[in-house]
Amino acid sequence: MSARMRTRHFAQAKAEGRKISCLTSYDALTAAIFDEAGIDLLLVGDSAANVVLGQASTLSITTDEMLSMSRAVAGAVERAFVVADLPFGTYEEGPAQALATAVRFMKETGVHGVKLEGGVEVADTIRTLVDAGIPVVGHIGFTPQSEHTLGGYVVQGRGGAAEKLRADARAVAEAGAFAVVLEMIPADVAAQVTAELDIVTIGIGAGNATDGQVLVWTDAFGLGRGKTPSFVRRYADLGSVLLDAARAYKADVEDASFPAESESF
């Protein structure tokens, strides 16, 4: 296993043109597997509200729920850099609230950094966290915690809105974030932002010119049962594998072929 990923390694990867891999993770089992696979960054995303807790949006997830999952992921990895999402309502009041929340994550879970959504409006907050020694990942474009304000899951940064997105990206970088997620924005705009910034860009639905890519792991590996976003490439169909296995187990129990003599004492 290689040495632990650090923020300087992400900067070095960008400088050398090496792409950065990122997946979400919410538990120790998947975290250990993704770490063994060499995934560079694991995001304990508030998407757990949807894919773990079955909620309709990310807004409902609590700090305590995120702390529990973050602790599980951080404790299971040896190399990957682990970042936790700050939940909705835990940083919007400003830098003081954000710092208190971020300190809890750093002290209680062992994660290596935090992520928060927003651009120009959260620059002071990002600066406060970085000044306190907390690595920060920004998140601009489509920001799920603002889905109601944005009018649902729609592409951001088109046409005249591209300049605001570029301003948000600059603000996040100048505030000291070491990386920024670009979600659901036109590929040409993401390429321009990536070229303009010294910090790492991580795309999701933002084309292939970003410095890295992130996907929700249940989307990428076919565990979810709902609609998959158009920007997702499905690398496996784990949902069907699990369904078939569960049906086979049920059949073996019902016909008393499990447990067999070799599986009994």
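As the structure is a computational prediction, the values presented were derived from the model and not from experiment. (Residues numbered from 1 in each chain as written. Predicted model: local features only at pLDDT ≥ 70, side-chain atom pairs only at ≥ 80, totals over all residues. Heavy atoms only, no water.)

## Focus on the side chain of Glu117
Turning to step 1, where the next piece is worked out: With respect to the helices and strands, the residue Glu117 is situated in the loop between strand 4 (113-115) and helix 6 (123-131).
Turning to step 2, where the next piece is worked out: Buried charged residue Glu117 carries no salt bridge. Nearest counter-charge: Lys115, at 4.7 Å.
Turning to step 3, where the next piece is worked out: With near-sequence residues (within four places) excluded, Glu117 lies in contact with Asp46, Tyr91, Val122, His139, Thr143, Pro144, Gln145 and Ser146. (Helix = DSSP H or I, 4+ residues; strand = E, 2+ residues; numbered from the N terminus. Buried < 20%, exposed > 50% of the residue type's maximum accessible area, 1.4 Å probe, protein only. Lys, Arg positive; Asp, Glu negative; His and termini not counted. Salt bridge = Lys/Arg side-chain N within 4 Å of Asp/Glu carboxyl O. Contact = heavy atoms within 4.5 Å.)

## Details of a nonpolar patch on the surface
Turning to step 1, where the next piece is worked out: On the surface, Val51, Val52 and Leu53 cluster together into a nonpolar patch covering about 210 Å² of accessible area.
Turning to step 2, where the next piece is worked out: Tracing the chain through its elements places Leu53 in the loop between helix 3 (48-51) and helix 4 (63-74). (Patch = residues over 30% accessible without salt bridge, like charges linked within 9 Å, V, L, I, M, F, W, Y side chains within 5 Å. Areas by Shrake-Rupley, 256 points an atom, 1.4 Å probe, with all protein chains shown as cover.)

## Let's talk about the pairing of strand 7 (residues 200-204)
Turning to step 1, where the next piece is worked out: Most of strand 7 is tucked away: 5 of the 5 residues are buried.
Turning to step 2, where the next piece is worked out: Side-chain alternation along strand 7 places Val200, Ile202 and Ile204 on one buried face and Thr201 and Gly203 on a second face that is also buried.
Turning to step 3, where the next piece is worked out: Here strand 6 (residues 179-183) runs beside strand 7; their pairing, made up of 5 bridges, is parallel. Looking at strand 7, one finds that Leu182 is bridged to Gly203.
Turning to step 4, where the next piece is worked out: Between strand 6 and its parallel partner strand 7, the chain crosses via helix 9 (residues 187-196), and the hand of that crossover is right-handed.
Turning to step 5, where the next piece is worked out: In this sheet, strand 8 (residues 212-215) lies alongside strand 7 in parallel orientation, the contact comprising 2 bridges. The residue bridging Gly203 from the neighbouring strand is Gln213, located in strand 8. (Pairing = 2+ DSSP bridges. Right-handed = clockwise from strand over helix to strand, strands pointing away.)

## With respect to the sheet that holds strand 8
Turning to step 1, where the next piece is worked out: Read around the closed barrel, the 8 strands follow the order 1-2-3-4-5-6-7-8; overall the barrel is parallel. Pairwise comparison of adjacent strand axes, ignoring direction, gives a mean angle of 25° for this sheet. (Axes fitted to C-alpha atoms, helices over the stretch in contact; angles between N-to-C directions.)

## Overview of the packing of helix 8 (residues 161-175) against helix 9
If you want to describe how two helices pack, look at the angle between their axes and the distance between the axes.
Turning to step 1, where the next piece is worked out: Axis separation between helix 8 and helix 9 bottoms out at 10 Å; the angle between their running directions is 30°. What the angle tells us is that helix 8 and helix 9 run roughly parallel. Classified by chirality, the crossing of helix 9 by helix 8 is right-handed. Residue-level contacts link Ala162, Leu165, Arg166, Ala169 and Arg170 of helix 8 to Val189, Gln192, Val193 and Glu196 of helix 9.
Turning to step 2, where the next piece is worked out: Looking at the contact of helix 8 with helix 9 residue by residue, the classes come out as 5 nonpolar, 1 polar and 3 charged. (Parallel < 35°, antiparallel > 145°, perpendicular 65-115°, else oblique. Left-handed = near helix turned anticlockwise from the far one by under 90°. Nonpolar A, V, L, I, M, F, W, Y, C, P; charged D, E, K, R; others polar.)

## Concerning the pairing of strand 1 (residues 20-24)
Turning to step 1, where the next piece is worked out: Where burial is concerned, most of strand 1 is hidden: 4 out of the 5 residues are buried.
Turning to step 2, where the next piece is worked out: Here 4 bridges tie strand 1 to strand 8, and the two strands are oriented parallel to one another. Each bridged residue has a counterpart across the sheet, and for Ser21 the counterpart in strand 8 is Gln213.
Turning to step 3, where the next piece is worked out: Handedness of the β-α-β unit built from strand 1, helix 2 (residues 28-37) and strand 2 (residues 41-44) comes out right-handed.

## A look at the UniProt feature "binding site: 3-methyl-2-oxobutanoate" (unreviewed entry) in the protein
Turning to step 1, where the next piece is worked out: UniProt's entry tags Asp46, Ser47, Asp85 and Lys115 with the feature "binding site: 3-methyl-2-oxobutanoate" (unreviewed entry), counted in the numbering of this structure. These annotated residues cover 70 residues of sequence, but their C-alpha atoms sit close together, with the largest distance between any two at 12.5 Å.
Turning to step 2, where the next piece is worked out: Among the structural elements, Asp85 can be located in strand 3 (residues 81-85).
Turning to step 3, where the next piece is worked out: Each residue touching Asp85, except ones within four places of it in the same chain, is listed here: Leu43, Val44, Gly45, Asp46, Met66, Phe105 and Lys115.
Turning to step 4, where the next piece is worked out: Of the polar contacts made by the side chain of Asp85, one reaches the backbone nitrogen of Asp46; its length is 2.8 Å.
Turning to step 5, where the next piece is worked out: With respect to the helices and strands, the residue Lys115 is situated in strand 4. (UniProt positions renumbered as here; feature names shortened; annotations may be inferred. Polar contact = N/O pair within 3.5 Å; in protein donor to acceptor, adjacent residues only side chain to side chain.)

## Quick look at the UniProt feature "binding site: Mg(2+)" (unreviewed entry) in the protein
Turning to step 1, where the next piece is worked out: The residues that UniProt annotates with the feature "binding site: Mg(2+)" (unreviewed entry) are Asp46, Asp85 and Glu117. A maximum C-alpha distance of 11.1 Å is found for the annotated residues, which run over 72 residues; spatially they form one tight group.
Turning to step 2, where the next piece is worked out: Residue Asp85 is classed as buried on the basis of its relative accessible area, which comes to 4%.

## Focus: the pattern of salt bridges
Turning to step 1, where the next piece is worked out: Within this structure, the stated rule accounts for 12 salt bridges.
Turning to step 2, where the next piece is worked out: The partner of Glu108 in a salt bridge is Arg104, with the nearest N and O atoms 2.9 Å apart. Remark: Arg104 and Glu108 occur in helix 5 (residues 95-109); sequence separation between them is 4 residues, near one turn of the helix.
Turning to step 3, where the next piece is worked out: Judged by relative accessible area, which is 34%, Glu108 ranks as partly exposed.
Turning to step 4, where the next piece is worked out: By relative accessible area, which is 33% here, Arg104 ends up partly exposed.
Turning to step 5, where the next piece is worked out: Two residues, Glu163 and Arg170, come together in a salt bridge whose shortest N-O distance is 3.1 Å.
Turning to step 6, where the next piece is worked out: According to the relative accessible area criterion, Glu163 is partly exposed, its value standing at 40%.
Turning to step 7, where the next piece is worked out: Overlapping salt bridges bring together Glu163, Arg166, Arg170 and Glu196 as one network.

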